[in-house]
Amino acid sequence: MTTLAKFEQDFTENIMGYSAIGIIVSTCLGGFAIMQTLSYGHGWWQMLVVMISVILCTTHNAAILTVQKPKMILNLLIASSIVNSLIILASLFI
């Protein structure tokens, strides 16, 4: 069994705890990504990046609130974390 499969199984078994942590992580990363993006202005490009970040964070939180399958919640958390981390890294080097 791979590490990701073990984590997915643990996530499924402890969905309530991981969901609480996931909401905090997703929201904090999203907020920081938006803050970094808007520190360079409020043009069309920045608003597009903000929209992408907000959509991903909101989709993840909505999946938790509407009690979707744990695999979907985990995938949305991973996607939100990766995209927001990339936005933060990109804004640091631009």
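Residues numbered from 1 in each chain as written. Predicted model: local features only at pLDDT ≥ 70, side-chain atom pairs only at ≥ 80, totals over all residues. Heavy atoms only, no water.

What is the right way to read the pattern of salt bridges from this model?
Side-chain pairs of opposite charge can arise where the charged atoms are in close proximity. In total, this model carries one salt bridge according to the counting rule given. A salt bridge links E8 to K71; the shortest N-O distance between them is 3.6 Å. Placement of the pair is E8 in helix α1 (residues 3-13) and K71 in helix α4 (residues 70-93), with a sequence separation of 63 residues. The class of E8 is partly exposed, set by a relative accessible area of 24%. (Salt bridge = Lys/Arg side-chain N within 4 Å of Asp/Glu carboxyl O. Helix = DSSP H or I, 4+ residues; strand = E, 2+ residues; numbered from the N terminus. Buried < 20%, exposed > 50% of the residue type's maximum accessible area, 1.4 Å probe, protein only.)

Please explain the layout of surface pockets as it appears in this structure.
Vacant regions in the atomic arrangement are exposed by a probe of water-molecule size rolled over the atoms. Its boundaries defined by the atoms lining it, the largest pocket holds a volume of some 200 Å³. Lining the largest pocket are Q36, T37, Y40, W45, Q46, V49, I87, A90, S91 and I94. Only α2 (15-38), α3 (44-65) and α4 provide two or more residues apiece to the lining of the largest pocket. For the lining of the largest pocket, the residue count by class is six nonpolar, four polar and no charged. (1 Å grid on protein atoms, 1.4 Å probe; cavity = no way out; pocket = protein on both sides within 12 Å on 5 of 7 lines; lining within 4 Å. Points joined across faces, edges and corners; volume = space filled by probe spheres on them. Nonpolar A, V, L, I, M, F, W, Y, C, P; charged D, E, K, R; others polar.)

I would appreciate a short explanation of the side chain of Q46 in the present structure.
Note on placement: Q46 falls in helix α3. Residue classification places Q46 among the buried positions, given a relative accessible area of 16%. Setting aside its immediate chain neighbours within four residues, Q46 contacts T37, Y40 and G41. (Contact = heavy atoms within 4.5 Å.)

Teacher, can you tell me more about the confidence of the model for the protein chain here?
Regions with low pLDDT carry predicted coordinates that are not meant to be interpreted in detail. Predicted confidence across the protein chain gives a mean pLDDT of 92, with 99% of residues reaching 70 or more. When pLDDT is averaged over each helix and strand of the protein chain, the minimum, 87, is found for α1 and the maximum, 94, for α3. (pLDDT = per-residue confidence, 0-100.)

When you look at the nonpolar core in this model, what are you seeing that I'm missing?
Note that soluble globular proteins tend to have their nonpolar side chains buried in a common cluster. Formed by F11, A63, I64, I73, L74 and L76, the largest nonpolar core amounts to six residues. Ranked by the residues each element gives to this core, the list is headed by α4, at three residues. Every residue in contact with I73, bar those within four places of it in the chain, is listed here: F11, I15, H60, A63, I64 and Q68. (Core = buried A, V, L, I, M, F, W, Y, C linked by side-chain atoms within 4.5 Å.)

Is there a simple way to think about the packing of aromatic side chains in this case?
We describe a pair of aromatic rings using the distance from one ring centre to the other and the angle between the two ring planes. Within this structure, the stated rule accounts for three aromatic pairs. Members of the aromatic cluster, each reached through a chain of ring pairs, are F7, F11 and Y18. (Phe/Tyr/Trp six-rings, centres within 6.5 Å; stacked < 30°, edge-to-face > 60°.)

What am I meant to see in a nonpolar patch on the surface here?
On the surface, L4, F7, I78, I82, L86, L89, L92 and F93 cluster together to form a nonpolar patch covering roughly 820 Å² of accessible area. At the level of elements, α1 and α4 are the ones that each hand at least two residues to the nonpolar patch. No other element matches the six residues that α4 contributes to the nonpolar patch. Relative to the helices and strands, L86 resides in helix α4. (Patch = residues over 30% accessible without salt bridge, like charges linked within 9 Å, V, L, I, M, F, W, Y side chains within 5 Å. Areas by Shrake-Rupley, 256 points an atom, 1.4 Å probe, with all protein chains shown as cover.)

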